[in-house]
Amino acid sequence: MAQTSTADVDLVGGEVARNVAQAAVFAALIGAFAYVAIPYPLSPAPVTLQVLGVFLAGLLLGPVWGAAALVLYLVAGALGAPVFAQGSAGLGVLVGPTGGYIFSYPLAAAAVGYVAHGGFEFRSLAESSVPRMVGGMAAGTLVIYGIGVLFMWWNLDMTVTTAIISGAVVFVPAEAAKMAAAIGLVRSNAIRAE
């Protein structure tokens, strides 16, 4: 009888294991970013750093694994891990006024990655121009605002105009700052997932 050792058995490829680990790290990072939440008097939603995490996941992990990181984040929060804004958690948050923003994150990370990487295949960001990365983050922001504003409008019985202003327009300066921070981090090589 031939002997085999565990070294001979490769249950998951090294690249898949690395991608899963990176997605898990980004899910945890976004959960930590959620603790930086500043109540915003112009909106029922606070200003958080979660969207910066969404941008970085799409840029550094690409559209597929960036979205996977955000799915892990959603599942963790839905199961009770305190990873949503200000340490909140659970299904109640996901169906509440700000739940649309959270539900949009996997789609937004995929949009960021798709535009920045020029498709679903992961490519080095060295090949991606700053305008292309900004375009990806702008696309991701539109996804976040589109779904987030709909949830807010539906949950809080606002007019569409009020929902758009208090759920999107007032956050544009904050999102622009997060885009600049993401570009600075990616271009400085301070962090990388390649």
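Structure first, text after, so check above.
**Q** Can you break down the packing of aromatic side chains residue by residue, with the values?
**A** For the structure shown, the criterion picks out four aromatic pairs. The interplanar angle of 75 degrees and the centroid separation of 5.5 Å between the aromatic rings of Tyr-73 and Phe-84 together place this pair among those described as edge-to-face. Placement of the pair is Tyr-73 in helix H2 (residues 50-78) and Phe-84 in the loop between H2 and helix H3 (91-94), with a sequence separation of eleven residues. You'll find Tyr-73 and Phe-84 in the same group, each marked buried. Between Phe-103 and Phe-151, the ring centres sit 5.9 Å apart and the planes meet at 45 degrees, which makes this aromatic pair tilted. On the criterion of sequence distance, the pair formed by Phe-103 in helix H4 (residues 99-117) and Phe-151 in helix H5 (residues 130-156) is long-range, its members being 48 residues apart. With a relative accessible area of 22%, Phe-151 lands in the partly exposed category.

**Q** Got a sec to walk through H2? Specific residues and values, please.
**A** Over its 29 residues, H2 runs only 16 Å from end to end, short of the ideal 42 Å by more than 12%, given 1.5 Å per residue. Gly-62 marks the point of greatest bend in H2, at about 130 degrees, and the proline Pro-63 comes within the next four residues. A large share of H2 lies buried, amounting to 21 of its 29 residues. Looking one or two residues past H2, Gly-80 carries a phi angle of roughly 115 degrees, positive in sign.

**Q** Please give an account of unusual backbone geometry that cites residues and values.
**A** In the Ramachandran plot, Gln-86 falls in the positive-phi region, its phi being about 60 degrees despite a non-glycine side chain. Among the structural elements, Gln-86 can be located in the loop between H2 and H3. In the Ramachandran plot, Asp-157 falls in the positive-phi region, its phi being about 50 degrees despite a non-glycine side chain. Take Asp-157: it is sitting in the loop between H5 and helix H6 (160-167). Given a relative accessible area of 71%, Asp-157 falls into the exposed group.

Parameters at a glance
- Residues numbered from 1 in each chain as written.
- Predicted model: local features only at pLDDT ≥ 70, side-chain atom pairs only at ≥ 80, totals over all residues.
- Heavy atoms only, no water.
- Phe/Tyr/Trp six-rings, centres within 6.5 Å; stacked < 30°, edge-to-face > 60°.
- Helix = DSSP H or I, 4+ residues; strand = E, 2+ residues; numbered from the N terminus.
- Buried < 20%, exposed > 50% of the residue type's maximum accessible area, 1.4 Å probe, protein only.
- Expected span 1.5 Å × (residues − 1).
- Bend = angle between axes of the 7 residues up to and from the residue.

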